[in-house]
Number of protein chains: 2
Amino acid sequence: MYKLPEKLGKLVNSLSKLPSIGPKSAQRLAFYIVKSSGDEALDIAESIREAVENIRHCDICANITDRDKCDICSSEKRDKRTICVVENPQDVISIESSENYNGMYHVLLGSLSPLDGIEPEDLRIKQLTERVGSEDVEEVILALDPNVEGEATAAYIREELKDMQVKVTQLAYGIPMGGNLEYADGVTLGKALEGRKELK
Amino acid sequence: MYKLPEKLGKLVNSLSKLPSIGPKSAQRLAFYIVKSSGDEALDIAESIREAVENIRHCDICANITDRDKCDICSSEKRDKRTICVVENPQDVISIESSENYNGMYHVLLGSLSPLDGIEPEDLRIKQLTERVGSEDVEEVILALDPNVEGEATAAYIREELKDMQVKVTQLAYGIPMGGNLEYADGVTLGKALEGRKELK
């Protein structure tokens, strides 16, 4: 069996730990890296180091930032009465890119998954109830992933916020825009029917 | 428009220069990296640095190695009378993994592509003719990619080796093993027909 040179093998091994990078892709990336001009590759190494050293979670919402408070939490222009609860910092970017939301966020850093040992105290749920209790929050929008873990997390948070003076809403489920009814799965169609709206 | 923290943006930017990593994948990887334990991410950075600093091309065949001469060129067990010509070091790994070849290699580091400005002198073709001229080589196997550039390169090398005492062969084209005739494209089927063999 042919063996890669040690340092290349080590690089393939490191890269294949990244999500959605299998052994074949890792090998391809590693070859690209050693083939590229050294500068470009060292630039990637340097960027990783800088990101690891500088990026942290916002003290308030746990979105990623390079300061104590993220841009959204620091902004004067955002509507502080609405908090959108998401699982991960990536979700903040997705919602921001819709350009349809001007409130605050609260990142849970995961979703409930007892099988993986992720319990409520592992998520930033307590910080959420504290924010709702101490700030002037009128609405909490649950924008969790539409899967078992996301729904369990949503149900748990709804229960936690039950006795607080705050409206709790959830993103609408339905047929995705630009989609095709023919290819929509049964569960999505069921949700779309359930959530149907009267046209006026 | 929401902007990523600077260092994270820089990391996304660096990663998206890698092959087959688009902006979305780069963002996903970058988030994974800043979310992972710092050690794991720094390990990737370190692996890149080490690979860039240690990996080089073999003096003889241009395969990748961490020494002057690659393992294959240094091996006493390989058949020095056969040279398999490939485009890239990755191809060496592919052929080695077939465990069907015990000769030497010669990596061209590319294929002829006048449109991209890649001319014969940019490839290691001269080094190949020198090897054939000076070593005791009986057969040169052209194992280039089955596309326009690969075929042009093969034709060029065949021409260069024409007057030398060496047999020049080419990998067989045909239906891939485990494939299905129904899904084979016309060109492949044509090649398979052209290369048909009499059963004895």
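As shown above, the structure is provided for reference.
Residues numbered from 1 in each chain as written. Chains lettered and ligands numbered in written order. Predicted model: local features only at pLDDT ≥ 70, side-chain atom pairs only at ≥ 80, totals over all residues. Heavy atoms only, no water.

Draft legend 1. Main features of the interface of chain A and chain B. Contact residues are listed per partner, giving 53 residues for chain A and 53 residues for chain B. The junction of chain A with chain B conceals about 5,200 Å² of combined surface from both sides, 69% of it contributed by carbon and sulfur atoms. When residues of chain A are sorted by the area they lose upon contact with chain B, Tyr2, Lys7 and Ile48 of chain A head the list and together hold 13% of the total. In this structure, the connection of chain A to chain B is made through six salt bridges. Between Glu50 of chain A and Lys7 of chain B there is a salt bridge, and its shortest N-O distance comes to 3.4 Å. Here chain A and chain B share 11 residue pairs in polar contact (both at pLDDT 80 or more) between them. Breaking the side of chain A that touches chain B down by element, the ones donating at least two residues are helix H1 (6-15), helix H2 (23-35), helix H3 (38-54), strand E2 (64-65), helix H4 (71-74) and helix H5 (89-97) of chain A. Counting residues per element, the side of chain A that touches chain B draws most heavily on H3 of chain A, at 15 residues. (Contact = heavy atoms within 4.5 Å. Buried area = accessible area lost by both parts, 1.4 Å probe. Salt bridge = Lys/Arg side-chain N within 4 Å of Asp/Glu carboxyl O. Polar contact = N/O pair within 3.5 Å; in protein donor to acceptor, adjacent residues only side chain to side chain. Helix = DSSP H or I, 4+ residues; strand = E, 2+ residues; numbered from the N terminus.)

Draft legend 2. Just the pattern of salt bridges, in detail. Counted under the stated rule, the structure contains 24 salt bridges over all chains. Between Glu135 of chain A and Arg131 of chain A there is a salt bridge, with the nearest N and O atoms lying 3.5 Å from each other. Ionic pairing is found between Glu130 of chain B and Lys126 of chain B, a salt bridge with its closest N-O pair at 3.6 Å. In this pair, Glu130 of chain B and Lys126 of chain B are both assigned in helix H6 (residues 125-134), four residues apart and thus about one turn of the helix distant. The partly exposed category is assigned to Glu130 of chain B, whose relative accessible area is 44%. Each of the salt bridges in this network shares a partner with another, and the network as a whole consists of Lys7 and Lys10 of chain A together with Glu50 of chain B. (Buried < 20%, exposed > 50% of the residue type's maximum accessible area, 1.4 Å probe, protein only.)

Draft legend 3. The arrangement of the relation of the copies chain A and chain B in detail. In screw terms, the move from chain A to chain B is a rotation of 180° and a rise of 0.0 Å along the axis, fitting with an RMSD of 0.1 Å. With respect to symmetry, the two chain copies, as superposed, fit the operation of a two-fold axis. The rotation axis passes nearest to the C-alpha of Ala45 of chain A in chain A, at a distance of 2.0 Å. Take the interface residues of chain A: 100% of them recur as interface residues in chain B, which is what a same-surface contact looks like. (Least-squares fit on C-alpha atoms with pLDDT ≥ 70 in both.)

Draft legend 4. Quick look at the side chain of Ser14 of chain B. Tracing the backbone shows Ser14 of chain B in helix H1 (residues 6-15). Those residues in contact with Ser14 of chain B that sit more than four places away from it in its chain are Asp43, Ile44 and Ser47 of chain A.

Draft legend 5. Representation of the packing of aromatic side chains. Residue and element names in this part refer to chain A. For the coordinates displayed, the defined rule picks out two aromatic pairs over all chains. Each ring, one from Tyr101 and one from Tyr105, has its centre 5.2 Å from the other, and the planes form 65°; the classification is edge-to-face. Since its relative accessible area comes to 1%, Tyr105 is described here as buried. (Phe/Tyr/Trp six-rings, centres within 6.5 Å; stacked < 30°, edge-to-face > 60°.)

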